[in-house]
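# Working through the structure, step by step
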Amino acid sequence: MGQIYDFAVIGAGAAGLSAAQYGARANLSTIVIEELAPGGQALFIDKLENYPGILEPINGFELAERMRKQAEQFGSSFIEASALSVRKAEDRFIIETSVGPLESLTVLIATGARHKQLGIPGEQEYIGKGVSYCATCDGPFFKGKRILVVGGGDSACDEAIYLSNLSDKILMIHRRDRFRAQKALASRVLSNPSIKVLFNTVAKEIKGNSKVHSVVLENTLSHELTEEPFDGIFIFIGSTPQTGFLKDIAIQFDESGYIITDCNMQTSITGLFAAGDVRATPFRQIVTAAADGAIAARSAASYIDEQRGQAYR
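What this report covers is the structure whose coordinates are included nearby. Just so we're clear, the structure is a prediction, and the values are computed from it rather than from any experiment.

### Examining the sheet that holds strand β8 (residues 131–132)
- The five strands lie next to each other as β8-β15-β9-β10-β11, forming an open sheet whose pairing is parallel. Strand pairing shows two members of the sheet lacking a second neighbour, β8 and β11 (195–198), which therefore form its edges.
- As judged from the four bridges shared by strand β10 (residues 170–173) and β11, these two strands associate in the parallel manner. Bridging from a neighbouring strand, Ile170 pairs with Ile195 of β11.

### Overview of the packing of helix α1 (residues 14–25) against helix α2 (residues 60–73)
- Closest axis-to-axis distance for the α1/α2 pair is 8 Å, and the angle between their directions is 25°. Between α1 and α2, the crossing angle belongs to the class labelled roughly parallel. Viewed along their axes, α1 and α2 form a crossing whose handedness is left-handed. Only Ala64, Met67, Arg68, Gln70 and Ala71 of α2 make contact with α1, whose side of the interface consists of Ala14, Leu17, Ser18, Ala20, Gln21 and Ala24.
- Of the residues belonging to the contact of α1 with α2, the class tally is seven nonpolar, three polar and one charged.

### Some thoughts on the side chain of Thr106
- By the element assignment, Thr106 lies in strand β6 (residues 100–109).
- Looking at Thr106, its side chain comes within polar contact range of the main-chain oxygen of Asp6, at 2.6 Å.
- Contact partners of Thr106, with chain neighbours within four places excluded, come to Asp6, Phe7, Ala8, Phe93, Gly271, Phe273, Ala300, Tyr303 and Ile304.

### What about the sheet that holds strand β13 (residues 212–219)?
- Ordered by their spatial adjacency, three strands build an open sheet running β12-β13-β14, and the pairing between neighbours is antiparallel. If you trace the sheet from one side to the other, it starts and ends with β12 (201–208) and β14 (225–229), each paired once. Along the sheet, successive strands turn relative to each other by an average axial angle of 25°, direction set aside.
- Bridge count for β13 against β14 is five bridges, and the pairing is antiparallel. Looking at the pairing, Leu217 lines up with Thr226 of β14.

### Brief notes about the state of the cysteines
- Under the criterion given, the structure shown has one disulfide.
- Disulfide pairing places Cys134 opposite Cys137 at an S-S distance of 2.2 Å. Because the torsion about its S-S bond is 70°, the bridge between Cys134 and Cys137 counts as right-handed.
- On the accessibility criterion, Cys134 (12% relative accessible area) is buried.
- For Cys137, a relative accessible area of 18% translates into the label buried.
- Free cysteine Cys157: the closest other cysteine sulfur is in Cys134, separated by 17 Å.

### Here's the deal with α2
- Along its 14 residues, α2 runs 20 Å from first to last C-alpha, staying within 8% of the 20 Å computed at 1.5 Å per residue.
- If you check which residues of α2 are buried, you get Gly60, Leu63, Ala64, Glu65, Met67, Arg68 and Ala71.
- Contacts made by the buried residues of α2 are with α1, β3 (77–80) and α6 (286–307).
- Regarding α2, its N-cap is Asn59, as a side-chain oxygen of that residue lies 3.2 Å from the backbone nitrogen of Phe61 further along.
- Positive backbone phi, approximately 120°, marks Gly75, located one or two places after α2.

### Here we look at the pattern of salt bridges
- By the definition in use, this model includes 14 salt bridges.
- Arg178 serves as the salt-bridge partner of Asp177, at 3.2 Å between the closest nitrogen and oxygen.
- Residue classification places Arg178 among the exposed residues on the basis of a relative accessible area of 57%.
- Members of the salt-bridge network, linked through shared partners, are Glu65, Arg68 and Glu72.

### Details of helix α4 (residues 154–163)
- When α4 is considered as a whole, its buried residues turn out to be Ala156, Cys157, Glu159, Ala160, Ile161 and Leu163.
- Among the structural elements, α3 (135–138), β9 (147–150), β10, α5 (183–190), β11 and β15 (232–235) are those in contact with the buried residues of α4.

### Description of unusual backbone geometry
- For Glu90, which is not glycine, the phi torsion reads 60° and is therefore positive.
- For Glu90, the location among the structural elements is in the loop between β4 (83–89) and β5 (92–97).
- By relative accessible area, Glu90 is classed as exposed at 78%.
- Even without being a glycine, Met265 presents a positive backbone phi close to 70°.
- Relative to the helices and strands, Met265 resides in the loop between β16 (239–241) and β17 (272–274).

Reading the values: rules and limits
- Residues numbered from 1 in each chain as written.
- Predicted model: local features only at pLDDT ≥ 70, side-chain atom pairs only at ≥ 80, totals over all residues.
- Heavy atoms only, no water.
- Pairing = 2+ DSSP bridges.
- Helix = DSSP H or I, 4+ residues; strand = E, 2+ residues; numbered from the N terminus.
- Axes fitted to C-alpha atoms, helices over the stretch in contact; angles between N-to-C directions.
- Parallel < 35°, antiparallel > 145°, perpendicular 65-115°, else oblique.
- Left-handed = near helix turned anticlockwise from the far one by under 90°.
- Contact = heavy atoms within 4.5 Å.
- Nonpolar A, V, L, I, M, F, W, Y, C, P; charged D, E, K, R; others polar.
- Polar contact = N/O pair within 3.5 Å; in protein donor to acceptor, adjacent residues only side chain to side chain.
- Disulfide = S-S within 2.5 Å.
- Buried < 20%, exposed > 50% of the residue type's maximum accessible area, 1.4 Å probe, protein only.
- Expected span 1.5 Å × (residues − 1).
- Salt bridge = Lys/Arg side-chain N within 4 Å of Asp/Glu carboxyl O.

Geometric descriptors of this kind do not, in isolation, establish any biological role.
Spelled out as structure tokens, the structure:
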């Protein structure tokens, strides 16, 4: 198969790029496998202003490019390919990719999660221009403005409460007649004076010019359509971890399909790590994904040292 790498990183979002840098700096032969452009979910961010040390807002693409170049400068290699499967063979892992197999002593799964979308007209066109899937990331751009929140689960309620600290003009809609969030969380939303709730309501179309200016809503019982003005629409209907290629390895997931790790980012299989949005974590941000990646790289280096009998005692 050719070279046996020390550290293979699957996914080049913030977690993967951070891990690639730390892995290469630890003198691990590091390869990053990414099927699209480096950056992951960060590519959808128009203005990034909450990353430590970034005083002037930059877009997610620019941050990802800086992280990629930094990793390359330290010696990481990148290949454009899809990961098809991962399996462990004695003391190493075999990664089947769309351009052929790779072998590595350790592997990091950093493939992230994809936000579920409404699939309505205008949604794709206005991502980053009023359509968002992250209140912590984009909420501050909508201080005092008209906000629509879509969803009825824990994350939707959590994010609506967060947004209520920024604006008192929030409408929250849910397609059913009650929230599926925990009762205590739902009660906090329903009693919040900054949040108006409409049940049995769905978004049908997002309208705008250069940015969002209104949303067409439908009452699911009467099928009546109304068009309401909004500056931003925050969509929280769940996300899907990108783990389908892990079918050939007995890794442990939580009930939502996210990978379970310990504090060192190691999964239930030694030598196999996970970082960023693909793992079970209470907070998904670029800064936390980058931290996960750094920890995973350090853990991979320690694991390799132990396997070689070089661990520091």
